[in-house]
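Summary of the model geometry
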Amino acid sequence: MKLSSFTRLIEGVKPVAGTGLYQGLVTEDWLQGRAAFGGLMAAYAVTALRQEIGVERPLRALMTSFIGPPGLGVVDIQTNVLRSGKAVTWAGAQISQDGKPCTGFSAAFGGSRESSIHVTTDDRPQVKSPADSVPFRFIPNVTPNLIQHYEIRWALGGMPMSGSKQSEAGAWVRFRDTSQFGEAHVVSLMDVLPPAVLQMQTQMKPISSLTWHLEMLDDLTAPDAQDGEGWWFFQVQARATANGYSQQSATLYTPTGRALAMSQQTIAVFA
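Since the model is a prediction, treat every value here as computed from it, not as a measurement. Residue positions are given per chain, counting from 1 as you read along its sequence in written order. Thresholds applied to this predicted model are a pLDDT of at least 70 for local features of residues and 80 or more for the giving and counting of side-chain atom pairs; totals over whole chains, interfaces and linings are not thresholded and use all residues. Excluded from the side-chain calculations are hydrogens and water; all other atoms, namely the structure's heavy atoms, are used.

**A look at the pairing of strand E6 (residues 73–84)**
Bridge count for strand E2 (residues 21–26) against E6 is six bridges, and the pairing is antiparallel. Paired with valine 26 across the bridge in E6 is glycine 73. Two strands are counted as paired when DSSP detects at least two bridges linking them. Think of it this way: any DSSP run of H or I at least four residues long counts as a helix, any run of E at least two long counts as a strand, and we number them from the N terminus. Of the pairings in the sheet, the one linking E6 to strand E7 (residues 88–97) comprises eight bridges and is antiparallel in character. Considered in E7, the bridge of glutamine 78 is made with glutamine 94. A loop of three residues connects E6 with E7, the two strands running antiparallel in sequence.

**Some words on the pairing of strand E8 (residues 100–110)**
Burial status follows relative accessibility: with a 1.4 Å probe on protein chains alone, a residue under 20% of its type maximum counts as buried, one over 50% as exposed, and anything between as partly exposed. Among the eleven residues of E8, eight are classified as buried, and the element is accordingly described as predominantly covered. As defined by bridge partners, strand E5 (residues 59–66) adjoins E8 across seven bridges and the pair is classed as antiparallel. When the sheet's bridge partners are listed, threonine 64 is paired in E8 with phenylalanine 105. Here E7 hands over to E8 after two residues, with aspartate 98 in that stretch at a positive phi of 55°.

**Considerations on unusual backbone geometry**
Of note in this structure, aspartate 98 is not a glycine but carries a positive phi near 55°. Relative to the elements of secondary structure, aspartate 98 occurs in the loop between E7 and E8. For methionine 161, which is not glycine, the phi dihedral falls at a positive 65°. Assignment of secondary structure puts methionine 161 in the loop between strand E10 (150–156) and strand E11 (168–175).

In structure tokens form, the structure reads like this:
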């Protein structure tokens, strides 16, 4: 299977005829089962919105609704700047394919301001080093195709479909192609691990994300937030699972151990 690098696909998001309309490409190596990788779709939306609003205001929050599965081929990315105030810009995007809606986004971009309130986040959990952790390798027809683009070392919890009793998992992650690294890369890292409940299964059953709320804890100006070669740590935990749905939280730590982003996700579980 020919690989299309993440950076090349992101650079290919260009405007087309029509106000606020962009296009991106889904290739076979970026599939997650039958659908395109959600982290790639979110990165496409942020990349298109950046071209509409500029780069001055950092991404603060991204709300995603997974409506239908985009497949192979071209996807349309329609953007809409909703409001731009003194500090915060609200914008929306919708990804569709063949005229059918696939993914909806609402994003907040906000400039920094002076504040007397400061709350620090928890440090990265104490886990095995990347060298001592278990490699999570790409296996054709078993693991999602997108895994080929990342190095993943499992350090916390059980592997997918291991029948683990734990509801928490964590792994060291980084891109195999480190020629470039930016905001879109960070967004995709926040979706690279399978849901935490997948380790509790003993055989593959469908799992589908419904909503995903990503929040940036800081902007990406610090050197550790721009480190594409170091190992990032991604921790996920199923907070509750009942009636065929799971609510999951996640935190992404920079290579220096600083929490940079967190998310909340609602997942449909068919097991």
